Amino acid sequence: MRHVVAIQVAMKEEGLGLAQKLGLSEREALDPDFGFRWFRGEFGNHLNLSLVLQGTDPRWEVEQIGLEAAAVCTTLIIQQIKPELLMNFGTAGGFESRGWSIGEACVISEPIVFHDRRVSIPGYQESQLGAYPVADTSRLRQTLGLRAATVSSGSSLEMSDRDHEMLVSQNADVKEMECAAIAWVAHRKRVPFLALKSVTDLVDHPEPAAAQFLKNLALASHVIQDRVIDALKYLDEHLDDPIWSRS
Ligand code: SAH
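So, here is what we can say about the structure in this document.

What counts, and at which threshold
Every chain is numbered independently, its residues counted from 1 as its sequence is written. Only residues with pLDDT of 70 or above have their local features reported here, since the model is predicted, and side-chain atom pairs are shown and tallied only from 80 upward, although totals for entire chains, interfaces and linings are computed over all residues. Excluded from the side-chain calculation are hydrogens and water; included are all heavy atoms of the structure. Helix and strand assignments follow DSSP, with helices taken as H or I runs no shorter than four residues and strands as E runs no shorter than two, numbered in order from the N terminus. In this setup the radius of gyration rests on C-alpha atoms only. A globule is expected at 2.2 Å times the number of residues raised to 0.38. Burial classes: relative accessible area under 20% of the type maximum marks a residue as buried, over 50% as exposed, and values in between as partly exposed (1.4 Å probe, protein chains only). Any two residues whose heavy atoms approach within 4.5 Å are treated as being in contact. In short, Shrake-Rupley with a 1.4 Å probe defines the accessible areas, and a residue's cover is counted only from the protein chains shown. Multiplying 1.5 Å by the residue count of a helix minus one yields the expected span of that helix. In short, DSSP must find at least two bridges between two strands for them to pair. To pair, rings of Phe, Tyr and Trp, with the six-membered ring standing in for Trp, must have centres within 6.5 Å; the planes then decide the type, stacked if under 30 degrees apart, edge-to-face if over 60, and tilted in the middle. As a reminder, the over-ring test applies to NZ of lysine and CZ of arginine, requiring each to be within 6 Å of the ring centre and within 35 degrees of the ring normal. Nearness here has a simple test: a residue counts as near a molecule or strand if at least one of its heavy atoms is within 4 Å of that partner. Counting of polar contacts relies on pairs of N or O atoms within 3.5 Å, with two restrictions inside protein: one atom must be capable of donating a hydrogen and the other of accepting it, and residues adjacent in sequence are counted only when both atoms are side-chain atoms. Within this scheme, the nonpolar core is defined by two criteria: the residues are buried Ala, Val, Leu, Ile, Met, Phe, Trp, Tyr or Cys, and they are joined through side-chain atoms within 4.5 Å.

Considerations on the overall build of the protein chain
Next up, step 1: A count of helices and strands for the protein chain gives 7 helices and 14 strands.
Next up, step 2: For a compact globule of 247 residues, the expected C-alpha radius of gyration is about 18 Å, and the protein chain comes in at 17 Å, within 12% of that figure.
Next up, step 3: Here the C-alpha coordinates of the protein chain stretch approximately 50 × 40 × 35 Å along the principal axes.
Next up, step 4: Counting across all 247 residues of the protein chain, residues that qualify as buried make up 52%.
Next up, step 5: A separation threshold of at least 6 residues defines the contact pool for the protein chain, and within that pool the share at least 24 residues apart is 75%.
Next up, step 6: Carbon and sulfur atoms form 51% of the exposed surface of the protein chain, whose accessible area is close to 11,300 Å².

Okay, here's the thing in C-alpha cells:
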C-alpha cells in the first residue's frame, strides 16, 4: 500500500515546475468554484503524491495567495485526498540579521505563529498567535543538511513597524503568507505537517520586498523544488521516521 502525501503550494510560479519535474498529471480541480489545481502521480516505491496549487483569482488574474485561500484549500485537501502527511513549500522573506540570504532553503522546526493578528484581550491575544505544531523533522534536516527555521505568517508582503516588532519578539527567521493557516487546519485534523521555504527577499534590507521578490522568485522556487524532491526521496526511504507520527 502506498502512503498518501499531499503538497500545498500558493503560487503556480512556485509549484508548477515541480509537478512538471515529477511528471504529475492534472486532475479535475478540488472544487471548481475555488479553482484549486490538483496534480497527481506516484513517487518512488511507496508514495502516492498529490500537489495542489491555490489557483488563480479569476477577477484579478493573479495567484490566490494568503491565509484565507490557504485554509480553505487545506480543508479540501484533507477531506478529499486524505493525506497521511501534508507538506507546504514556497517562498518567504528572510531576516538578514539572523543570517539568511537570497535563495537559501529551510525546514520549519518550531510551532507556526501569526504576527499581525492583534487583539488585546486576555485569551484572545494568545489564541491569535496560533503556535501550531509541525512534524518532527530533526532526522530529515540532519540527513539533508537543511537549516532549521522559525516562520511567522501574516496577511501582507509589506512589513509595518509593529509587524517588525512582533517578528523580532517571535525570533522569526522567515515571514510569509500561508503557513500558519495550513498548520492550523492540519493540526485540527491531526495530519502531520511539514513546511519547507526558500528566501526570495530580505525583509530587513533597504530594497523593497516586492522588487526583491519578483527578481528572485524563479531562483528561489527552483531551489526549493529540488529540496522538496530530496525530502520526498527521504520520506519514500524512511517510512518509520517520526515525521509520519500524528501529534
Ligand atoms: N507581489 C507578488 C505576489 C506574491 S507576494 C507578485 O507580484 O507575484 C508573496 C507570496 O510569497 C506569498 O504567497 C508569501 O507566502 C510569499 N512571500 C515571499 N516573501 C514574502 C515576504 N517578505 N512577506 C510575506 N510573504 C512573502
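Don't stop here, the text continues.
Let's talk about helix H2 (residues 67–81)
Next up, step 1: For H2, which comprises 15 residues, the first-to-last C-alpha distance of 20 Å matches the rise-based estimate of 21 Å (1.5 Å per residue) to within 8%.
Next up, step 2: All of the buried residues in H2 are Leu 67, Ala 69, Ala 70, Ala 71, Cys 73, Thr 74, Leu 76, Ile 77, Ile 78 and Ile 81.
Next up, step 3: Two residues or fewer after H2 comes Lys 82, characterised by a positive phi angle close to 50 degrees.

A closer look at the pairing of strand E4 (residues 47–53)
Every regular strand shows the same layout, with side chains that alternate between the two sheet faces.
Next up, step 1: Of all the 7 residues making up E4, 6 are buried; the element is thus mostly covered by neighbouring parts of the structure.
Next up, step 2: Bridging between strand E1 (residues 3–9) and E4 involves 7 bridges; their strand directions are parallel. Each residue of the ladder has a partner; that of His 3, found in E4, is Leu 47.
Next up, step 3: Following strand E3 (residues 37–43), the chain reverses through 3 residues before pairing antiparallel with E4; Gly 44 in that reversal takes a positive phi of roughly 60 degrees.

What to know about the packing of aromatic side chains
Next up, step 1: In this structure the tally under the stated criterion is 2 aromatic pairs.
Next up, step 2: Centre to centre, the rings of Phe 34 and Phe 36 are 5.3 Å apart; their planes meet at 0 degrees, and the pair counts as stacked.
Next up, step 3: Since its relative accessible area comes to 1%, Phe 36 is described here as buried.
Next up, step 4: Geometry around Phe 114 places Arg 117 over its ring, the cationic atom sitting 3.5 Å from the centre.
Next up, step 5: Over the face of the ring belonging to Trp 100 we find Arg 147, whose NZ or CZ atom lies 3.7 Å from the ring centre.

Some details on the site of the ligand
Next up, step 1: Residues in contact with the ligand amount to 17 residues; listed here are only the nearest, Lys 175, Met 177, Glu 178, Asp 201 and Phe 213.
Next up, step 2: Within the side chain of Thr 91, one N or O atom sits 3.3 Å away from an oxygen atom of the ligand.
Next up, step 3: Relative to its unbound accessible area of 560 Å², the ligand is 84% covered by the protein chains.
Next up, step 4: Elements supplying a minimum of two residues to the shell around the ligand: strand E7 (85–94), strand E13 (174–176), strand E14 (193–202) and helix H7 (209–237).
Next up, step 5: For the shell around the ligand, the element with the highest residue contribution is E7, accounting for 3 residues.

A few points about the nonpolar core
Next up, step 1: Ranked by internal contacts, the top residues of the largest apolar core, which has 37 residues, are Leu 30, Val 52, Ile 77, Leu 86, Ile 108, Ile 112 and Phe 193.
Next up, step 2: Those elements that place two or more of their residues in this core are H2, E7, strand E8 (105–108), strand E9 (112–114), helix H6 (179–188) and E14.
Next up, step 3: Ranked by residue count, the leading element in this core is H2, at 8 residues.
Next up, step 4: The contacts of Phe 193, once residues within four sequence positions are left out, are Leu 86, Met 87, Asn 88, Ile 112, Val 134, Ala 135, Cys 179, Ile 182, Ala 183 and Ala 186.
Next up, step 5: Listed in part, the 33 residues of the second largest apolar core include Leu 194, Ile 224, Ile 243 and Trp 244.

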